[in-house]
Amino acid sequence: MNADDIGDDLLDVLISAERLQARISELAARVDADYAGRELLLVGVLKGAVMVMADLARAMHLPVRMDWMAISSYGSGTKSSGVVRILKDLDTDISGKHVLVVEDIVDSGLTLSYLVNNLQSRDPASVAVCVLLRKRAAAQMPVDVAYTGFEIADEFVIGYGLDYAERYRNLPFIGTLAPHAYT
């Protein structure tokens, strides 16, 4: 899928596929250095983090384990509902393990704050967070993020795993959705 495939639903390309891959490689190198000599469990947050988690893991040189959680606070809208639910929990016991949560975007911080607190209650060796996109202007809850791909404005974005009503996840770039597509 590319920009031509979605026509006037795309307002703008914010981050190209090439910039995404370059930044993911930089983040992977930092994670490799920070966790050298330690076993690391990557925990991806479904569904949005699928692309970033896959590319991050492939760019890393450390052997890693992977697991997934599904957390929801959006439904099919463009703003967080404020209610966080675990839809799929981990299959792995994280007690004593170094955990890196991989997330697509931090918007209000509500979902990620809930998730980090939940994981810390499971007695891991450490919990850190890697996010592709961060909207500082939208933050309602403080979240300690160790690795950030890009800071973006408070606008609704799609592509590279991010969706609107389960559409546009397979775009290879990050773009803004035209308001007529969701109003």
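Described in the following lines is the structure provided in the data block. The shown structure was predicted, so the numbers you read here are calculated from the model rather than taken from an experiment.

Procedures and definitions
Residues numbered from 1 in each chain as written. Predicted model: local features only at pLDDT ≥ 70, side-chain atom pairs only at ≥ 80, totals over all residues. Heavy atoms only, no water. Salt bridge = Lys/Arg side-chain N within 4 Å of Asp/Glu carboxyl O. Helix = DSSP H or I, 4+ residues; strand = E, 2+ residues; numbered from the N terminus. Buried < 20%, exposed > 50% of the residue type's maximum accessible area, 1.4 Å probe, protein only. Pairing = 2+ DSSP bridges. Contact = heavy atoms within 4.5 Å. Right-handed = clockwise from strand over helix to strand, strands pointing away. Axes fitted to C-alpha atoms, helices over the stretch in contact; angles between N-to-C directions. Parallel < 35°, antiparallel > 145°, perpendicular 65-115°, else oblique. Left-handed = near helix turned anticlockwise from the far one by under 90°. Nonpolar A, V, L, I, M, F, W, Y, C, P; charged D, E, K, R; others polar.

### Side note on the pattern of salt bridges
Under the counting rule described, the total for this entry stands at 12 salt bridges. We note a salt bridge from R167 to D9, for which the minimum N-O separation is 4.0 Å. Here R167 is found in the loop between β8 (157–158) and β9 (174–177), whereas its partner D9 is found in the loop between α1 (3–6) and β1 (10–15), with 158 residues between them in sequence. We classify R167 as partly exposed; its relative accessible area is 46%. We note a salt bridge from K88 to D67, for which the minimum N-O separation is 3.9 Å. With K88 in strand β4 (residues 85–88) and D67 in strand β3 (residues 64–72), the pair connects residues that are 21 residues apart, well separated along the chain. Its relative accessible area of 27% is what places K88 among the partly exposed residues. A relative accessible area of 4% places D67 in the buried class. Among the charged side chains, a salt-bridge network with shared partners connects K47, D163, E166 and R169.

### Section: the sheet that holds β8
Taken together, the 3 strands give an open sheet; going across it, the order is β1-β9-β8, and neighbouring strands pair in antiparallel fashion. Of all strands in the sheet, those bounded by a partner on one side alone are β1 and β8. In terms of strand pairing, β1 meets β9 through 4 bridges, oriented antiparallel. From the neighbouring strand, V13 faces β9, where its bridge partner is G175.

### Points about the side chain of R23
Mapped onto the elements, R23 comes out in helix α2 (residues 17–34). Owing to a relative accessible area of 19%, R23 belongs among the buried residues under this scheme. When residues no more than four places from it in sequence are discounted, the contact partners of R23 are R30, T148, G149 and F150.

### Points about the pairing of strand β2 (residues 40–46)
Of all 7 residues in β2, 6 are buried; the element is thus mostly enclosed. Following the chain from β2 across helix α3 (residues 50–59) to the adjacent parallel β3, one finds a crossover that is right-handed. Examined bridge by bridge, β2 and strand β5 (residues 98–106) share 5 bridges and lie parallel to one another. Its bridge partner being in β5, L40 is matched across the sheet by H98.

### Here we look at the packing of α2 against α3
One way to put it is that α2 packs onto α3 with a least axis distance of 8 Å and a crossing angle of 55°. Taken together, the axes of α2 and α3 are oblique relative to one another. As for the relative orientation of α2 and α3, their crossing is right-handed in sense. Contacts from Q21, I24, S25, L27, A28 and D32 in α2 reach V52, D55, L56 and A59 in α3. When its residues are assigned to classes, the contact of α2 with α3 shows 6 nonpolar, 2 polar and 2 charged.

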